[in-house]
Amino acid sequence: DQQVKQNSPSLSVQEGRISILNCDYTNSMFDYFLWYKKYPAEGPTFLISISSIKDKNEDGRFTVFLNKSAKHLSLHIVPSQPGDSAVYFCAATTSGNTGKLIFGQGTTLQVKP
Amino acid sequence: NAGVMQNPRHLVRRRGQEARLRCSPMKGHSHVYWYRQLPEEGLKFMVYLQKENIIDESGMPKERFSAEFPKEGPSILRIQQVVRGDSAAYFCASSAGGGSYYEQYFGPGTRLTVT
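Note that this is a predicted model, so its numbers are computed, not measured.

Draft legend 1. Region of interest: the overall build of chain B. For chain B, the helix and strand inventory stands at 0 helices and 11 strands. For chain B, the succession of helices and strands along the chain, N to C, is β-β-β-β-β-β-β-β-β-β-β. Taken over the C-alpha trace, chain B has a radius of gyration of 13 Å; the compact-globule value for 115 residues is 13 Å, and the two agree within 12%. For chain B, the share of sequence-separated contacts (at least 6 apart) that also reach a separation of at least 24 residues comes to 53%. Counting only carbon and sulfur atoms, one obtains 46% of the accessible surface of chain B, whose full area is about 5800 Å².

Structure below.
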C-alpha cells in the first residue's frame, strides 16, 4: 500500500532551467509534507516542508506547492544547478501522530551543465 | 554541534549471524526513528523510540528485529539470524520532539550486506 508516490523515477534538466518534481498521496489524514534530498552513501537532508493549511512555501530557489484537492505536491527548483543532482524524496506525516514519515520512492534529478 | 552518528557505516554478516546497528542522536534530541531503504525503494519507517521507551514499532518485522534506546548510550537496532533479504541501508533520524517532531535529522546510514 504505497501511500506516497513519486511516479517519475528520474528527471533530467539543463542548468539554469526549472526542475519540477512531483508527488502524489492517498491518505487524506496527512497534514504535513516534506522534501528531502539524498546524495549517494549519505543520509537524507531536509530541504523544505509545508503544512496542509498552506498551498505554497518558498525558501530561496526551492518552492513547494500543495494541492489538497488533488492530493498532489510538487517541488520547484529555480534555477537548477549541477549541485542539485541527487535523489529527491517527498514524505508525509500526520500531526499528533508519532511523527513517522511515509516516504515516496524517490526521483533522481540530473542537472546538466 | 555533531549531527546524527551511525556506526558501523558498512556491515557484512553471513546468514544466521546477528547484526547490531548503533545510532547516536544529535545533541539535545531525545527522539529516535529507524528507517530501512531496500535497493531501488524509498525509506520505510521501522520504529520510533524515546529514552527507555518504544513508542511506535508498527514498521518493525515481527520476528528477529528489536530496538532499544537506553537511558545512557546510543540507540541499537538488532537483527538476529540475518537473511539475505535484510540487506539494505538502515537510517537513523533524531528529533527534538514536541512541536518539531517531524523535523527529523538523518544519519549517514549503515549499509548491511548479508552473504
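Draft legend 2. Unusual backbone geometry, seen in detail. With an omega of -10 degrees, the peptide bond running from A:Val78 to A:Pro79 counts as cis. Relative to the helices and strands, A:Pro79 is located in the loop between β8 (72-77) and β9 (86-93). Following B:Asn7, the chain continues to B:Pro8 via a peptide bond in cis, the omega torsion being -5 degrees. Checked against the element boundaries, B:Pro8 lands in the loop between β1 (5-7) and β2 (10-13). A positive phi is found at B:Gln81, a non-glycine position, where the angle reads about 45 degrees. Here B:Gln81 lies in the loop between β8 (75-79) and β9 (88-95). Overall, the relative accessible area of 54% leaves B:Gln81 in the exposed class.

Draft legend 3. Focus on the sheet that holds β8(B). Residues and elements named next belong to chain B. Reading across from one edge, β1-β3-β8-β7 is the order of the 4 strands in this open sheet, with antiparallel pairing throughout. Here the strands that pair on one side only, and so sit at the sheet edges, are β1 and β7 (65-68). For this sheet, the mean angle separating the axes of adjacent strands, direction not counted, is 15 degrees. Pairing between strand β3 (residues 19-24) and β8: 5 bridges, direction antiparallel. Bridge pairing links Arg22 to Ile76 in β8.

Draft legend 4. Broad picture of the pattern of salt bridges. Counted by the stated rule, this structure contains 6 salt bridges over all chains. Linking A:Arg61 and A:Asp84 is a salt bridge whose minimum nitrogen-to-oxygen distance equals 2.8 Å. You can see A:Arg61 sitting in the loop between β6 (56-59) and β7 (62-67) and its partner A:Asp84 sitting in the loop between β8 and β9, a full 23 residues away along the chain. Looking at A:Arg61, the relative accessible area reads 22%, which means it is partly exposed. A relative accessible area of 2% means that A:Asp84 is categorised as buried. B:Arg20 is the salt-bridge partner of B:Glu18, the closest N and O atoms lying 2.8 Å from each other.

Draft legend 5. Main features of the interface of chain A and chain B. In this complex, chain A contributes 22 residues to the contact, which on the side of chain B involves 21 residues. Summing both sides of the interface, chain A and chain B together bury roughly 1600 Å²; the carbon and sulfur share of this comes to 58%. It is A:Thr98, A:Lys100 and A:Phe103 in chain A that bury the most area against chain B; as a group they hold 29% of the surface buried on that side. In this structure, the connection of chain A to chain B is made through 1 salt bridge. In this structure, the salt-bridge partner of B:Asp56 is A:Lys100, at a minimum N-O distance of 4.0 Å. Our enumeration of links across chain A and chain B arrives at 5 residue pairs in polar contact (both at pLDDT 80 or more). The element that contributes the greatest number of residues to the side of chain A that touches chain B is strand β4 (residues 32-38) of chain A, accounting for 4 residues.

Criteria and thresholds
Each chain has its residues counted from 1, running along the sequence as written. Lettering for chains starts from A, numbering for ligands starts from 1, and both go in the order in which the items are written. Predicted model: local features are reported for residues with pLDDT of at least 70 only, side-chain atom pairs are reported and counted for 80 or more only, and whole-chain, interface and lining totals are derived from all residues. Excluded from the side-chain calculations are hydrogens and water; all other atoms, namely the structure's heavy atoms, are used. Only runs of H or I of at least four residues qualify as helices and only runs of E of at least two qualify as strands under DSSP, and these elements are numbered from the N terminus. Radius of gyration here uses only the C-alpha atoms, and the compact-globule reference equals 2.2 Å multiplied by the residue count raised to the power 0.38. The contact criterion used is simple: two residues touch if any of their non-hydrogen atoms lie within 4.5 Å. Each accessible area value is a Shrake-Rupley result obtained with a 1.4 Å probe; residue values ignore everything except the protein chains displayed when judging cover. Type-normalised accessible area, obtained with a 1.4 Å probe on protein chains alone, sets the label of each residue: buried when under 20%, exposed when over 50%, and partly exposed for intermediate values. Between any two strands, at least two bridges found by DSSP are needed for them to pair. For helices, the fitted line uses only the C-alpha atoms of the stretch in contact; every axis is such a line through C-alpha atoms, and the angle between N-to-C directions lies from 0 to 180 degrees. Salt bridges are defined as contacts in which a side-chain nitrogen from Lys or Arg sits within 4 Å of a carboxyl oxygen from Asp or Glu. Put simply, buried area is how much 1.4 Å-probe accessible surface two parts lose in total, over both of them, once they are put together. Identification of polar contacts relies on pairs of N or O atoms within 3.5 Å, with a donor-acceptor requirement for protein atoms, meaning one able to donate a hydrogen and the other able to accept it, and with residues adjacent in sequence counted only if both atoms are side-chain atoms.

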